[in-house]
Amino acid sequence: MLRNAETSGALEAITVPQGTAFSEALSSLLVREALLSEFIHAARMSTIGEMASTIAHEVSQPLSVIVSDADTSRRILARDKPDLRMVDRLITRISESAERATDIVTRVRAMAANRPPIKADVDVREVVSASIGFVSPEAASRRISIRSEIAGGDVLVSGDVIQLQQILVNFLMNAIQAIDHSAAKLREVEIVVTGSHDLVAISVRDTGPGIRHDQAARIFDNFFSTKDGGMGMGLAICKSIAEAHGGHIEAVNWANGAVFSFSLPRVKTRPSTTV
Ligand SMILES: Nc1ncnc2c1ncn2[C@@H]1O[C@H](COP(=O)(O)OP(=O)(O)OP(=O)(O)O)[C@@H](O)[C@H]1O
Ligand SMILES: [Mg+2]
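Per chain, residue numbering runs from 1 following the sequence as it is written. Lettering for chains starts from A, numbering for ligands starts from 1, and both go in the order in which the items are written. For a predicted model such as this one, the threshold for reporting local features is a pLDDT of at least 70, and the threshold for listing and counting side-chain atom pairs is 80 or more; totals across whole chains, interfaces and linings nevertheless cover every residue.

Before going further, it helps to examine the overall build of the protein. Scanning the protein from terminus to terminus reveals six helices and seven strands. Numbering goes from the N terminus for both helices and strands, where a helix is a DSSP run of H or I of at least four residues and a strand is a run of E of at least two. Along its sequence from the N terminus, the protein presents helices and strands in the succession α-α-α-β-α-β-β-α-β-β-α-β-β. On the principal axes, the C-alpha backbone points of the protein span a range of 85 × 50 × 40 Å. The buried share among the 275 residues of the protein stands at 31%. Exposed residues have 12 or fewer other C-beta atoms within 10 Å of their own C-beta, buried residues have 20 or more, and partly exposed residues fall in between, where C-beta atoms are placed from the backbone.

Take a look at the structure:
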């Protein structure tokens, strides 16, 4: 279990009462951590729900290729002199398409899994590429490009890879929605990962309308949303996860939109062992 969940914004209503016996306080803390974990999972399921039609579309594409290539192969094989090289090419495409569909299902299943948070050393590159993989069909369908720029060397943090991915996916979904609901000509999202001595910072910069000055203080609050059908839980969950990882989250505007960042303590690279 990840500790420090008591700083969670999402569950701040559940507090350890002053002066309780240690065991009661501990069990209260454990209940709170379990609740936070359930809550974070519920939010992840809601994000997947929002993306359901894009995911279904993404899986159905390679499946149609498989069906049509299998049909063509059968027709070619029924000829007197079948073009076996052509059949070989079609079979290769069938297996590539099956792999693509499996990748999508694996990615969604990992995000949908409800398991206790697992603390491990996490390479931030892995978080970035999995998150881009997850949201890229949403971005592509809205003609928005996503770029990433990652500091050289190891960028390791300690935490639960799926929860860290959840922060980035929420940031990216917000960035995509912000650009899509504005008249922005430039439709770009940029992820930048930088590492200092103690921290790794991951930021998402968009070309949307930016954060409204009068709303800036409320965007991380539970249930604050300016979107039709928005739950207003995305950023509150991001804040909870970042803080439970000993990290920090912030939002600012830049010339062309908003920048959301989270920074986490950096795990020092172990000296490499030579054999
Ligand atoms: N990239 C962004 N640019 C401008 N405003 C943003 C951006 N990201 C978030 N916001 C503002 O912060 C609010 C809260 O975001 P949050 O992700 O918590 O909820 P939501 O996106 O409205 O709903 P959901 O719970 O489905 O994520 C948004 O409704 C929007 O007003
Ligand atoms: Mg959101």
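That was the structure; now back to the text.
This next bit is on the sheet that holds strand β5 (residues 199-205). Taken together, five strands build an open sheet; the order of strands is β2-β4-β5-β7-β6 and the sheet is mixed. Edge positions in the sheet fall to β2 (145-150) and β6 (248-254), since each of these pairs with one other strand and no more. In this sheet, adjacent strand axes meet at a mean angle of 15 degrees when their direction is disregarded. Note on pairing: two strands pair once DSSP finds at least 2 bridges between them. When β5 meets strand β7 (residues 257-265), the two strands line up antiparallel, connected through seven bridges. If you follow Arg205 over to β7, its bridge partner there is Val259. Once C-beta atoms are placed from the backbone, any two residues with those atoms within 7 Å are in contact. In this analysis an axis means a line fitted to C-alpha atoms, helices contributing only their contacting stretch, and an angle means the value between N-to-C directions, from 0 to 180 degrees. Across the sheet, helix α6 (residues 234-244) lies against β6 and β7, angled at about 130 degrees from β6, the strand it touches most.

Our focus in this paragraph is the packing of helix α1 (residues 22-50) against α6. The interhelical angle for the contact between α1 and α6, taken along N-to-C directions, is 135 degrees, at an axis separation of 10 Å. If you check the angle between α1 and α6, you find them oblique. The element α1 and its partner α6 pack so that their crossing is left-handed. Each of Leu36, Ile40 and Ala43 in α1 lies in contact with α6, whose residues at this interface are Ile237, Ser240, Ile241 and Ala244. Polar here means any residue other than Ala, Val, Leu, Ile, Met, Phe, Trp, Tyr, Cys and Pro, which are nonpolar, and Asp, Glu, Lys and Arg, which are charged; Gly is therefore polar. Residues belonging to the contact of α1 with α6 are distributed by class as follows: six nonpolar, one polar and no charged. For classification, angles of less than 35 degrees are called roughly parallel, those exceeding 145 degrees roughly antiparallel, those between 65 and 115 degrees roughly perpendicular, and all remaining angles oblique. Crossing chirality is assigned from the near helix's rotation relative to the far helix, an anticlockwise turn below a right angle marking it left-handed and a clockwise turn marking it right-handed.

Note that domain bounds follow an automatic or database assignment of domains. When cut into domains, the protein gives domain 1 (55-110) and domain 2 (118-265). On a C-alpha basis, the centroid separation for the pair domain 1 and domain 2 is 35 Å.

Another aspect to go through is the site of ligand 1. Around ligand 1 lies a shell of 21 residues, among which Asn174, Ser225, Gly230, Gly234 and Leu235 are the nearest. Contributing elements (two or more residues each) for the shell around ligand 1: α5 (161-180) and α6. At four residues, α5 tops the list of elements feeding residues into the shell around ligand 1. Tallied by class, the residues present in the shell around ligand 1 amount to ten nonpolar, nine polar and two charged. By definition, a residue lies near a molecule or strand when the C-beta atom built from its backbone is within 6 Å of it.

Here we come to unusual backbone geometry. Notably, Arg143 is not glycine yet its phi reads approximately 55 degrees, a positive angle. On the secondary structure map, Arg143 appears in the loop between α4 (124-141) and β2. Its identity is not glycine, yet Phe223 carries a phi of approximately 60 degrees, on the positive side. On the basis of neighbour count, Phe223 is assigned to the exposed category, with 10 C-beta atoms found within 10 Å.

The next subject is the nonpolar core. The nonpolar core criterion groups buried Ala, Val, Leu, Ile, Met, Phe, Trp, Tyr and Cys residues into a set whenever they are joined through C-beta atoms within 7 Å. Core analysis: the biggest nonpolar cluster contains 50 residues, and Leu168, Leu172, Ile176 and Cys238 have the highest contact counts within it. Residue assignment for this core shows that the elements contributing at least two residues are α1, α4, α5, β4 (188-195), β5, α6 and β7. Setting aside chain neighbours within four positions, we find Cys238 in contact with Ile167, Asn170, Phe171, Ile249 and Phe262.

Interaxial distance between α1 and helix α3 (residues 84-112) falls to 9 Å at its minimum, and their mutual angle equals 145 degrees. Contacts between α1 and α3 pair Arg44, Met45 and Ile48 from the former with Val108, Met111 and Ala112 from the latter. Partitioned by chemical class, the residues of the contact of α1 with α3 number five nonpolar, no polar and one charged.

Bringing the environment of Leu164 into the picture now. Relative to the elements of secondary structure, Leu164 occurs in helix α5. Separated by 98 residues in sequence, Leu164 and Phe262 place their C-alpha atoms 9.8 Å apart. Once residues within four sequence positions are removed from consideration, Leu164 is found in contact with Val122, Val127 and Gly159.

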